[in-house]
Amino acid sequence: MSKAITIRGAGIVGLCVATELIAQGARVILRDPAPEPGPTACSWWAGGMLAPFCEGFSAEEPVVRLGQQAADWWSAQGVKVERKGTLVVTLQRDRRELDQFARRTKGHRLVSSEELAKLEPHLAEHHARALYFKDEAHINPRMALAQLRDWLVLSGVVFEQSAETPHGPVIDCRGLAAQDALPELRGVKGEMVILRAPDVTLNRPIRLLHPRFPLYIVPRGDGVLMLGATQIESEERGRTSVRSVMELLSAAYALHPAFGEAEVMEIGADARPAFPDNLPRIIRKGDTIYANGLFRHGFLLSPIVARMVAGLVTGDNANPEFLAHEYHG
Amino acid sequence: MPVFYETEIASRLMLGTAQYPSPAILAQAFRRSGAGIATVSVRRESGGDRAGQAFWDMIRELGVHVLPNTAGCHSVREAVTTAQMAREIFDTNWIKLEVIGHADTLQPDPFGLVEAARILSEDGFQVFPYCTEDLVLCERLVEAGCRVLMPWGAPIGTGLGLNNIYGLRSLRAHFPDLPLVIDAGLGLPSQAAHAMELGYDAVLLNTAVAKAGDPAMMAEGFARALEAGRLAFEADPMEPRDMAAPSTPVLGRAFT
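Residues numbered from 1 in each chain as written. Chains lettered and ligands numbered in written order. Predicted model: local features only at pLDDT ≥ 70, side-chain atom pairs only at ≥ 80, totals over all residues. Heavy atoms only, no water.

B:F55, B:W56, B:M58 and B:I59 are the residues of helix α3 (residues 53-60) of chain B that are buried. Down the axis of α3(B), the smallest arc covering the buried residues is 155°, so these residues share one side. (Buried < 20%, exposed > 50% of the residue type's maximum accessible area, 1.4 Å probe, protein only. Helix = DSSP H or I, 4+ residues; strand = E, 2+ residues; numbered from the N terminus. Arc of directions from axis to C-beta.)

This part covers the packing of helix α8 (residues 189-197) of chain B against helix α10 (residues 215-234) of chain B. The relative placement of two packed helices comes down to the angle between their axes together with the axis-to-axis distance. Residues and elements named next belong to chain B. Running from N to C, α8 and α10 point in directions that differ by 25°, and their axes come no closer than 7 Å. By the angle between their directions, the pair α8 and α10 is classed as roughly parallel. The way α8 lies across α10 gives a crossing that is right-handed. Packed against α8, whose contacting residues are P189, A192, A193, M196 and E197, the element α10 presents M218, G221, F222, A225, L226, G229, R230, A232 and F233 at the interface. (Axes fitted to C-alpha atoms, helices over the stretch in contact; angles between N-to-C directions. Parallel < 35°, antiparallel > 145°, perpendicular 65-115°, else oblique. Left-handed = near helix turned anticlockwise from the far one by under 90°. Contact = heavy atoms within 4.5 Å.)

For the rest of this paragraph, the subject is the sheet that holds strand β14 (residues 263-274) of chain A. Residue and element names in this part refer to chain A. Within the open sheet, the 8 strands sit side by side as β5-β6-β4-β11-β12-β13-β10-β14. Their pairing is mixed. Two strands close off the open sheet at either side, each with one partner strand: β5 (109-111) and β14. Going from strand to strand, the sheet's axes swing by 25° on average, the running direction of each strand aside. Judged from the 5 bridges that link them, strand β12 (residues 215-221) and strand β13 (residues 224-228) form a sheet pairing that is antiparallel. The residue of β13 that forms the bridge with Y216 is G228. (Pairing = 2+ DSSP bridges.)

Bringing the side chain of B:T39 into the picture now. Looking at where B:T39 falls in the secondary structure, it is placed in strand β4 (residues 37-41). Among all residues touching B:T39, those that are not within four sequence positions of it are B:L15, B:G16, B:T17, B:L67, B:N69, B:K96 and B:L204.

All names here are of chain A. Mapped onto the fold, L248 is located in helix α9 (residues 242-255). L248 sits in the buried class, given a relative accessible area of 3%. Look past the residues within four positions of L248 in its chain and what remains in contact with it is E191, M192, V193, L215, L227, G228 and A229.

For the rest of this paragraph, the subject is the pattern of salt bridges. Under the definition given, this model contains 33 salt bridges over all chains. As a salt-bridge pair, B:E220 and B:R32 come within 2.5 Å of each other at their nearest N and O atoms. Taken together, the residues B:E220 in helix α10 and B:R32 in helix α1 (residues 23-33) connect sequence positions 188 residues apart. Judged by relative accessible area, B:E220 falls into the buried class, the value being 16%. What makes B:R32 partly exposed here is its relative accessible area of 40%. When salt bridges with common partners are traced through the structure, they connect A:K189, A:E191, A:E236 and A:R239 into a single cluster. (Salt bridge = Lys/Arg side-chain N within 4 Å of Asp/Glu carboxyl O.)

Taken together, the contact pairs 22 residues of chain B with 20 residues of chain A. Inspection of the chain B/chain A interface yields 1 salt bridge. Between A:R93 and B:D104 there is a salt bridge whose closest N-O contact spans 4.0 Å. Taken together, the elements giving at least two residues each to the side of chain B that touches chain A come down to α1, α2 (43-46) and α3 of chain B. Residues of the side of chain B that touches chain A, tallied by class, amount to 11 nonpolar, 6 polar and 5 charged. (Nonpolar A, V, L, I, M, F, W, Y, C, P; charged D, E, K, R; others polar.)

Once that is clear, we can look at the pairing of strand β1 (residues 5-8) of chain A. Residue and element names in this part refer to chain A. Where burial is concerned, the two faces of β1 agree: the one with I5 and I7 and the one with T6 and R8 are both buried. The pairing of β1 with strand β2 (residues 28-32) spans 4 bridges and is classified as parallel. Bridged to I7 within β2 is L30. In the sheet, β1 pairs with strand β9 (residues 170-172) via 3 bridges, with the strands oriented parallel. From the neighbouring strand, I7 faces β9, where its bridge partner is I171.

Bringing the confidence of the model for chain B into the picture now. Of all residues in chain B, 95% have pLDDT values of 70 or greater, and the mean over the chain is 92. Among the prediction metrics, the complex's ipTM stands at 0.86, with pTM recorded as 0.89. (pLDDT = per-residue confidence, 0-100.)

Residue and element names in this part refer to chain A. Tracing the chain through its elements places P37 in the loop between β2 and β3 (49-50). Between the C-alpha atoms of P37 and I12, which are 25 residues apart in sequence, the distance is 8.9 Å. Ignoring sequence-local partners within four residues, the contact set of P37 consists of W44, L145, A146 and R149.

Residues and elements named next belong to chain A. Across the sheet, 6 strands lie side by side as β8-β2-β1-β9-β16-β15; this open sheet has mixed pairing. Each of the sheet's edge strands pairs with one partner strand only, and the pair in question is β8 (158-161) and β15 (281-285). Averaged over all pairs of adjacent strands, the angle between strand axes in this sheet comes to 20°, irrespective of strand direction. As paired elements, β9 and strand β16 (residues 288-292) share 3 bridges and run parallel to each other. Among the inter-strand pairings, I171 is bridged to a residue of β16, identified as I289.

This is the structure we're talking about:
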């Protein structure tokens, strides 16, 4: 473990892998074209929900099972984890969507309007029925990225601002930029809006099921809320369409009319790196280990992927679950 | 098997490619059902610099015929531009033409549809128009150059099935030799079987499969229902009648 390992990409995956390798006593260099966490990494635009059970509605089983470890991992890094669960609601017209969501997910119970009024008084003004996923959590993703980086700097990790291919052992966590080496990797565009809504107080992530415009809202404190996120099969980064913003805002307005008075603070878009099954992969090619394809589960699954990569590096776990065996790159 | 613009397709199932949990599950649905045509939206996925390329490449790798569509277009101009873009991207003259006339019900705009169908047919496109079961509209579409008609069963994404059996039956009777495809509104395989029993040539689905708990299994369910319904149609089913008729004669049965 004496030779320094270079991690390419200081987004969510790179930072988590560095954290796990440091814990194993490795010497780590983090190399990224950007000086610090910011809008060039798609994790900058994340929601920060640690919601393995809700994600299970459309994600594969490993996301639900392994994602349950995420909240503890983030707590252990000193990141503030809000363990307040998730509430899932529908508009009156789409009530049956809630029944279907309940059938296809675990870890929830139906809450009455009285209980909803205690959990989220503002939501209860307009909704009588909700599914409560009490074991889910959320974090502030931008704060978490900054905190991990600061801690790594204190731990002696060298940050190099560079896009060059390094020599020696490399762990490649470049996300979509690694398409040059991983042809199956594709981008899935997501768009989000950040609002300041002093008239709507929410304590936990809310998901609105809607046949056309599904929405989640994640509170960031001080009346700031993140609205997300579209999911479009496009690799376009940075451009947000009027239509997408209208859909997100209309859905929020339908959830609670007081969103009409909110201030739009930020609109953003990026493309999530994903493999065809939308599950992460760890791929070994010569001296390089690739960890990629976190899709919409960066904050949920990076800790687990990082632990798997560290196990692979130290030899403690030569066959982690996300290791892609039949890769023909 | 159905023939669209001189191309015979080995399946009566056409599948849309939106809303699946992942491209891997989308591919499984195609494999397990044997669907012969994939419809693809080019509009929303396009963006700048063909940003949808990676997804489109995966659709091509399914090895089925690709039918690009103009989903989400609300005007003739938009639909025509999107069709031209689709022809360039997928190198095909096929276009599933959608001109939406009503944002809430996603009902086709019959007037815009005929106009766009005429423009595109004259430009060498082979148009698959998403229409209602209105007979006069369908006649106009054929006059405009369409050699396939794709009437809805019910509004897109509702899963309500075949809403106007009379209308669909009279359309079939009126156009005995034209390929007819039920496009939109199906939720269950039994509804697809019914379309086959009416003599329709194929069905096009998306939500019913993509939003099922197990999309690949549901796709197979539809494929089998289509086979059953088509066999029933070709077998010339009995006519319903009011008089009960025992399948075994009872007259003269000695001891019961």
